[in-house]
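Close look at the chain arrangement
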Amino acid sequence: MDQKTEIKRILTSLQSASPSGFAIAFHIRFTTPDFLFQTYPKAWTDRYSEQGMVMKDPIVRWGFAQNGAIRWSELEAEDEFGIIEQSRGFGMNFGIASAIEDGGSRSVAGFARSEREFTDAEIASLGDALAELHKLTANKDGMSDDLRDYLQEMSVKFTHPSA
């Protein structure tokens, strides 16, 4: 299977596994990712951006400092700005943060659902998918212009589906 097909397959599976949405920032350098995929509700991402929540978000802070995964419920004590509580108003009642650093590059993700906590098996599966996407989108050996254009196009389609 080629890279594009595999990336699309994994992203599509993540949509099913995270019915209330996800956000994945790939290959973050300083605070800017090479690629960002978001499927959280638009009203939430608008509020999040307008209020500059990214550097206050306990999920992001955890993801910059750790590898692995943690349930959002375990981060609430560190959420002095109430970001996790606010996200519940948008159907994101339960979630996990997942992060990986490999090859000198870090990717951070949040996955959400409305009806229940993610199981340990689901968390492991999401972590495996993040690790695979991290590898597939790495550009340490140089990325073809075609693949870079495809990833940017996919990022727009996932983040702004009506565009």
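Reading guide: rules and limits
Residues numbered from 1 in each chain as written. Predicted model: local features only at pLDDT ≥ 70, side-chain atom pairs only at ≥ 80, totals over all residues. Heavy atoms only, no water. Helix = DSSP H or I, 4+ residues; strand = E, 2+ residues; numbered from the N terminus. Contact = heavy atoms within 4.5 Å. Salt bridge = Lys/Arg side-chain N within 4 Å of Asp/Glu carboxyl O. Buried < 20%, exposed > 50% of the residue type's maximum accessible area, 1.4 Å probe, protein only. Patch = residues over 30% accessible without salt bridge, like charges linked within 9 Å, V, L, I, M, F, W, Y side chains within 5 Å. Areas by Shrake-Rupley, 256 points an atom, 1.4 Å probe, with all protein chains shown as cover. Pairing = 2+ DSSP bridges. Axes fitted to C-alpha atoms, helices over the stretch in contact; angles between N-to-C directions. Polar contact = N/O pair within 3.5 Å; in protein donor to acceptor, adjacent residues only side chain to side chain. Arc of directions from axis to C-beta.

Observations regarding the side chain of serine 18
- Here serine 18 shows up in the loop between α1 (3–17) and β1 (21–28).
- Apart from the residues within four sequence positions on either side, serine 18 is in contact with Phe111, Ala112, Phe118 and Leu126.

Here we look at the pattern of salt bridges
- Applying the stated criterion across every chain yields a total of twelve salt bridges.
- For arginine 106, the salt bridge goes to glutamate 101, with nearest N and O atoms at 2.9 Å.
- Among the residues examined, arginine 106 registers a relative accessible area of 9% and is labelled buried.
- Glutamate 122 is paired through a salt bridge with arginine 113; the nearest N and O atoms lie 3.6 Å apart.
- Look at glutamate 122 and you get partly exposed, because its relative accessible area is 24%.

Overview of a nonpolar patch on the surface
- Taken together, the side chains of Val54, Met55 and Phe64 make up a nonpolar region of the molecular surface, amounting to roughly 250 Å² of accessible area.
- Examined against the element boundaries, methionine 55 turns out to sit in the loop between α2 (42–50) and α3 (58–65).

Thoughts on the sheet that holds strand β4 (residues 94–102)
- Read across the sheet, five strands follow the order β2-β1-β5-β4-β3 without closing on themselves; strand pairing throughout is antiparallel. The open sheet has two free edges, formed respectively by β2 (35–38) and β3 (68–71), since each of these has just one partner strand. Each neighbouring strand pair of the sheet contributes to a mean axis angle of 10 degrees, computed without reference to strand direction.
- The pairing of β4 with strand β5 (residues 105–113) spans nine bridges and is classified as antiparallel. Counted as the bridge partner of isoleucine 100 is serine 107 from β5.
- Here α3 sits on the sheet and contacts β1, β3, β4 and β5; the angle it forms with β5, its principal contact strand, is near 145 degrees.

Brief notes about α3
- Every buried residue of α3 is accounted for by Pro58, Ile59, Val60, Trp62 and Gly63.
- Contacts from the buried residues of α3 go to α2, β3, α4 (83–88), β4 and β5.
- For α3, the N-terminal capping position is held by aspartate 57, with its side-chain oxygen 2.8 Å away from the main-chain nitrogen of isoleucine 59.

Details of α2
- Among the residues of α2, those classed as buried are Trp44, Thr45 and Tyr48. Summarising the axial view, the buried residues of α2 lie within an arc of 95 degrees, below the 170-degree limit, and thus occupy one face. Turned more than 90 degrees away from the buried face of α2 sit Lys42 and Glu50, all of them exposed.
- Along its buried surface, α2 packs onto β2, α3 and α4.
- Looking one or two residues past α2, glycine 52 carries a phi angle of roughly 55 degrees, positive in sign.

Focus on the environment of tryptophan 72
- Within the secondary structure, tryptophan 72 sits in the loop between β3 and α4.
- Overall, the relative accessible area of 4% leaves tryptophan 72 in the buried class.
- Between the C-alpha atom of tryptophan 72 and that of glutamate 117, which follows or precedes it by 45 residues, the distance is 9.1 Å.
- Setting aside residues up to four positions removed in sequence, tryptophan 72 forms contacts with Tyr40, Ile59, Ile84, Ser87, Met92, Phe94, Gly95, Ile96, Ala97, Phe111 and Ala112.
- A polar contact of 3.0 Å, which involves the side chain of tryptophan 72, links it to the backbone oxygen of isoleucine 96.

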